[in-house]
Amino acid sequence: MPIHTTMTRPPCMTPDGGPAGGALPTGGLHALLAWMSPSFPVGAYTYSHGLERVIEDGTVADAATLHAWLDGVLRHGAGRSDAVLLAHAMSAATHGDEKTFRELLELSLALQPSSERRLEASAQGDAFASAVAAAWAPPCDTAASRLFARLTTGPDAVPRGGWTYCAALAAAAAAWELPAGTVVSAGLHAFAANLVSAAVRAVPLGQTDGQRVLSRLGDTISNVAEEALLAPLSDIGGCAFAADIASMNHEVQYTRLFRS
């Protein structure tokens, strides 16, 4: 059943600053923390973004090399590209601009450099959109919440395999009227935290060393998020070639713990 036909929803009371500001609407923090939690059912723990490959060949072998690798991916790879896409997709969804949102969704799929990275993005995106639609109905009737309903449960809903994680997060966050700056930062943090968790298991790396790496990435995450909020769409692009090649090589790796 479509999300918004079960009850009449009130118009949202947007906090000071609006969706791009820093204030969270009532219940917004609860929703965002749940979505970013490792327990949210998107299967993030099964993906390593090519990290398993460079652990196998010795490029990443300890906390220092892990930090260097993740810092590069966040600044120059999918971290930055997805952050820019997330910000622009949130803007389109907030205004109910379905045409632009779908174009950004297609672009986010086209930017995946390997079959495994496409699987990583699309499988998590499908799972995220489904979970939010089933359990986290937007609290208010807005252009963004109506768009989210059309994209997830309507007759022209995005088909299976057609979502990416950053686009699904953008659509849900806009429907909940969450501030873009907070969502972009949270998305980058969750991305980094998942890869640190993968390294803790695969290097192997101690839990404390893993947390030290994540802590050191705080400034990088803040800087990338700030830049992404101001970047035009034409700024999307990356030069994390080693990470892209690692994801391609992972496809033929003999023994694997992760799907990417």
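Just so you know, these numbers come straight off a predicted model, no measurement behind them.

Participant: Describe the environment of Ala172, naming the residues involved and giving the relevant values.
Facilitator: In this structure, Ala172 sits in helix H8 (residues 165-175). Taking the C-alpha atoms as reference points, Ala172 and Leu51, separated by 121 residues in sequence, lie 28 Å from one another. Setting aside its immediate chain neighbours within four residues, Ala172 contacts Trp35, Phe128, Val132 and Phe148.

Participant: Could you give an account of the confidence of the model for the protein, naming the residues involved and the relevant values?
Facilitator: Residues at a pLDDT of 70 or more form 92% of the protein, whose mean pLDDT is 91. Predicted confidence is poor over residues 1-11, with pLDDT under 50, and the contacts of this stretch with residues over four places away or in other chains come to 25 contacts. Scored below 50 in pLDDT, residues 13-21 shows 14 contacts in the model against residues more than four places distant or in partner chains.

Participant: Which residues make up the nonpolar core, and what are the values?
Facilitator: Ranked by internal contacts, the top residues of the largest apolar core, which has 80 residues, are Trp35, Leu51, Trp69, Phe101, Phe128 and Trp163. It is helix H9 (residues 180-202) that provides the largest number of residues to this core, a total of 13 residues. Once residues within four sequence positions are removed from consideration, Trp35 is found in contact with Phe40, Phe128, Val132, Trp136, Tyr165, Leu169, Ala172, Ala173, Trp176 and Leu178.

Participant: Which residues make up empty space enclosed by the protein, and what are the values?
Facilitator: Where empty space is left in the structure can be found by rolling a water-sized probe over the atoms. Evaluated as defined, the whole model comprises 1 cavity of 30 Å³ or more. There is about 40 Å³ of room inside the largest cavity. Residue lining of the largest cavity: Leu85, Ala89, Phe101, Leu104, Leu105, Ser108, Cys166 and Ala167, and that is the complete set. For the lining of the largest cavity, the elements supplying multiple residues, two or more each, are helix H4 (78-94), helix H5 (98-110) and H8.

Participant: Tell me about the layout of surface pockets, and please be specific about residues and values.
Facilitator: As a volume, the largest pocket reaches approximately 940 Å³. Asp82, Glu120, Tyr165, Gly187 and Phe191 are the residues nearest the centre of the largest pocket, which is lined by 49 residues in total. Elements supplying a minimum of two residues to the lining of the largest pocket: helix H1 (28-36), helix H3 (63-76), H4, helix H6 (115-135), H8, H9 and helix H12 (241-250). Residue contributions to the lining of the largest pocket peak at 11 residues, all from H9. A class-by-class count of the residues in the lining of the largest pocket yields 28 nonpolar, 16 polar and 5 charged.

Participant: Can you tell me about the pattern of salt bridges, naming the residues and giving the values?
Facilitator: If charged atoms from side chains of opposite charge come close, those side chains can pair. Using the criterion set out here, one finds 8 salt bridges in the structure. Where Asp141 meets Arg146, a salt bridge forms, and the shortest distance between an N and an O atom there is 2.7 Å. Judged by relative accessible area, Asp141 falls into the partly exposed class, the value being 35%. For Arg146, a relative accessible area of 39% translates into the label partly exposed.

Participant: Please give an account of the packing of aromatic side chains that cites residues and values.
Facilitator: With the rule as written, the count across this model stands at 6 aromatic pairs. Consider the rings of Phe101 and Trp163, whose centres lie 6.2 Å apart with planes at 70°: the pair is edge-to-face. You can see Phe101 sitting in helix H5 and its partner Trp163 sitting in the loop between helix H7 (143-153) and H8, a full 62 residues away along the chain. Considered together, Phe101 and Trp163 belong to a single accessibility category, that of buried residues. Put simply, the rings of Trp35, Phe40, Phe128, Trp136, Tyr165 and Trp176 pair up and form one aromatic cluster.

Procedures and definitions
Residue numbering note: each chain is counted from 1, following its sequence as written. Selection of residues for local features in this predicted model requires a pLDDT of at least 70, selection of side-chain atom pairs for listing and counting requires 80 or more, and totals for whole chains, interfaces and linings are taken over all residues. Side-chain figures throughout are based on the complete set of non-hydrogen atoms in the structure, without hydrogens or water. In this description a helix means any DSSP run of H or I spanning at least four residues, a strand means any run of E spanning at least two, and both kinds are numbered starting from the N terminus. The criterion used for residue contact is that any of the two residues' heavy atoms lie within 4.5 Å. As a per-residue quantity, pLDDT reports the predictor's confidence and falls between 0 and 100. Grouping buried Ala, Val, Leu, Ile, Met, Phe, Trp, Tyr and Cys residues that are joined through side-chain atoms within 4.5 Å yields what is termed a nonpolar core. Buried residues are those whose accessible area, probed at 1.4 Å on protein chains only, stays under 20% of the maximum for their type, while exposed residues exceed 50% and partly exposed ones sit between those limits. Lining residues are defined by having an atom within 4 Å of a point belonging to a cavity or pocket. Those points lie on a 1 Å grid over the protein atoms alone, cavities being sets where a 1.4 Å probe fits but cannot get out and pockets being open sets with protein on both sides within 12 Å along at least five of seven lines. Grid points are joined across faces, edges and corners, and a volume is the space filled by probe spheres set on the points. Ten residues, namely Ala, Val, Leu, Ile, Met, Phe, Trp, Tyr, Cys and Pro, are considered nonpolar, four, namely Asp, Glu, Lys and Arg, are considered charged, and the remaining ones, Gly among them, are considered polar. What counts as a salt bridge is simple: a side-chain nitrogen of Lys or Arg found within 4 Å of a carboxyl oxygen of Asp or Glu. Stacked, edge-to-face and tilted labels apply to pairs of Phe, Tyr and Trp rings (six-membered ring for Trp) whose centres lie within 6.5 Å, assigned for plane angles under 30 degrees, over 60, and everything in between, in that order.

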